[in-house]
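# Working through the structure, step by step
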Amino acid sequence: MLTTLKDRSVIVTGGSKGIGRGIATIFARQGAKVTIAARNEDQLRQAAAEIPGDVRYETCDVSAWASVERLFASTAEAQGGIDVVCANAGAFPQTKIIEMEADEWDTVLATNLRSSFLCVKAAIPYFKQVGKGRVILTSSITGPVTGFPGWAHYGASKAGQLGFLKTAAMELSRYNTTINAVMPGNIFTEGLQDLGQEYLDTMAASIPLKRLGNVEDVGNAALFFASDEAAYITGQQIVVDGGQIIPESLEAIDEI
Ligand code: NAP
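Residues numbered from 1 in each chain as written. Predicted model: local features only at pLDDT ≥ 70, side-chain atom pairs only at ≥ 80, totals over all residues. Heavy atoms only, no water.

### What about the pairing of strand β5 (residues 133–138)?
Put simply, the rule is: The cut-offs for exposure are 20% and 50% of the maximum accessible area for each residue type, with area from a 1.4 Å probe on protein chains only; residues under the lower value are buried, those over the upper are exposed, and the others partly exposed. The helix and strand labels rest on DSSP assignments: H or I over at least four residues marks a helix, E over at least two residues marks a strand, and numbering proceeds from the N terminus. Criterion used throughout: strands pair if DSSP finds at least two bridges between them. A clockwise course of the path from the first strand over the helix to the second, judged with the strands pointing away from the viewer, identifies a crossover as right-handed.
When you tally the buried positions in β5, you get 6 out of 6 residues, the bulk of the element. Taking every second residue as pointing to the same face, both faces of β5 are buried, with G133, V135 and L137 on one and R134, I136 and T138 on the other. Sheet analysis places strand β4 (residues 84–87) next to β5, joined by 4 bridges and oriented parallel. Of the residues in β5, the one forming a bridge with V84 is R134. You can see the chain leave β4, run along helix α4 (residues 102–130) and come back into β5, and the turn it takes is right-handed. Bridge analysis of β5 against strand β6 (residues 177–184) gives 6 bridges, and the strand direction is parallel. Opposite V135, over in β6, you have I179 as the bridge partner.

Below is the structure:
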């Protein structure tokens, strides 16, 4: 049993849907004060109303500094500071390199990687104030460990988050703050559903545990990194993928 996160102030970017909503649900269930952030206000309002617990919302574009700075200031005011930041928002359009426009590359890198830097930068003054803090990045197995046609930009952004993580861990240690990353495999979310049933079926068949992950599987890993029990872990990552990256060959799965 982990020490409770009751009354801790938490921000979850991309909290209106999918993995972010799962992370927000897990923290709210612990009694934390949670702000979910994304661009679409209707979806945010609905998610905040549906997630049981103390959940509010703010619109934010995580790729824009002014927007992120505003999110942190208003959340700190509403929730009495900031204890935990889950930098989770991300996008994964699928386009092969030969067809990819430079603008799409830039948008994906800004949404997934620049945003990690902006959230950490925005959080530092609040962590500094109280002398502690926690950051959890949502990376992926795609990029750091695996590749998939159409996701060169996405993979680069997700591997980039882990590169950022190492130096951020050193700089944040000064404020008694840890930063770690969750690396989901294929998690059943609205975003993943958009890739089609055939993709979902093929992926489920390639996973030793024989199912896609659910959003709370990732939320529980994030919760561990935010817990008091994880106080001495920083600059690290945990794969949450049902064993997907383990098989040495396609045939290995049939041997199970
Ligand atoms: P999703 O269902 O598409 O949800 C994405 C969330 O991010 C939404 O709340 C979206 O809201 C928000 N978002 C996107 N762009 C944003 C921006 N510029 N500013 C603020 N919010 C933004 O995606 P998901 O599957 O839950 O993925 C969430 C994270 O997990 C991403 O970082 C993704 O790379 C990572 N991940 C997912 C999987 C998976 O299998 N699902 C696997 C590995 C890693 P708005 O569009 O309203 O802004």
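### Section: the packing of α4 against helix α5 (residues 152–173)
Helix-helix packing is characterised by the crossing angle of the two axes and by the distance between the axes. What counts here: Geometry is summarised by axes, namely lines fitted to C-alpha atoms with helices restricted to the contacting stretch, and by angles between N-to-C directions that run from 0 to 180 degrees. For classification, angles of less than 35 degrees are called roughly parallel, those exceeding 145 degrees roughly antiparallel, those between 65 and 115 degrees roughly perpendicular, and all remaining angles oblique. In this scheme the crossing of two helices becomes right-handed for a clockwise turn of the near helix relative to the far one and left-handed for an anticlockwise turn of less than a right angle. What makes two residues a contact is simply this: any of their non-hydrogen atoms within 4.5 Å. Residues are grouped as follows: nonpolar covers Ala, Val, Leu, Ile, Met, Phe, Trp, Tyr, Cys and Pro; charged covers Asp, Glu, Lys and Arg; every other residue, Gly included, is treated as polar.
Running from amino to carboxyl end, α4 crosses α5 at an angle of 15°, the nearest separation of the two axes being 9 Å. Taken together, the axes of α4 and α5 are roughly parallel relative to one another. Handedness of the α4/α5 crossing: right-handed. Of the residues in α5, those in contact with E104, W105, V108, L109, N112, L113, S116, F117, V120 and I124 of α4 are A152, H153, Y154, A156, S157, K158, G160, Q161, F164 and L172. Residues of the contact of α4 with α5, tallied by class, amount to 12 nonpolar, 6 polar and 2 charged.

### So, a nonpolar patch on the surface
What counts is decided by this rule: Residues forming no salt bridge and having over 30% relative accessible area are the ones grouped into patches, like charges within 9 Å of each other and nonpolar side chains (Val, Leu, Ile, Met, Phe, Trp, Tyr) within 5 Å. The Shrake-Rupley method, run with a 1.4 Å probe sphere, supplies the accessible areas, and residue values consider only the shown protein chains as cover. The term salt bridge refers to a side-chain nitrogen of Lys or Arg lying within 4 Å of a carboxyl oxygen of Asp or Glu.
Where nonpolar side chains cluster on the molecular surface, the patch consists of V145, V239, I245 and I246 and spans about 320 Å² of accessible area. With respect to the secondary-structure elements, I246 resides in the loop between β7 (237–240) and α9 (250–254).

### A look at the pattern of salt bridges
As enumerated under the stated definition, the model contains 8 salt bridges in all. The partner of E50 in a salt bridge is R21, with the nearest N and O atoms 2.9 Å apart. Within this pair, whereas E50 is found in helix α2 (residues 41–50), its partner R21 is found in helix α1 (residues 18–29), the two being separated by 29 residues in sequence. Residue D42 is joined to R45 by a salt bridge in which the shortest nitrogen-to-oxygen separation is 3.1 Å. On the criterion of helical spacing, the pair formed by D42 and R45 is a turn pair, its members being 3 residues apart in helix α2. Judged by its relative accessible area of 53%, D42 falls in the exposed class. On the basis of relative accessibility, which here comes to 40%, the residue R45 falls in the partly exposed class. Overlapping salt bridges bring together E41, D42 and R45 as one network.

### Notes on the site of the ligand
Note the cut-off: A molecule or strand has a residue near it when one of that residue's heavy atoms lies within 4 Å. Polar contact is the term for a pair of N or O atoms within 3.5 Å; when the atoms are in protein, one must be able to donate a hydrogen and the other to accept it, and sequence-neighboring residues count only if both atoms are side-chain atoms.
By nearness alone, 29 residues border the ligand, and S16, R39, Y154, I187 and T189 come closest of all. Interatomic distance of 2.8 Å between a backbone N/O atom of I19 and an oxygen atom of the ligand. Here G185 contributes a backbone N or O atom positioned 3.2 Å from an oxygen atom of the ligand. In isolation the ligand has 880 Å² of accessible area, and contact with the protein removes 94% of it. Those elements that place two or more of their residues in the shell around the ligand are α1, α5 and α6 (190–193). At 3 residues, α6 tops the list of elements feeding residues into the shell around the ligand. Considered class by class, the residues forming the shell around the ligand number 10 nonpolar, 14 polar and 5 charged.

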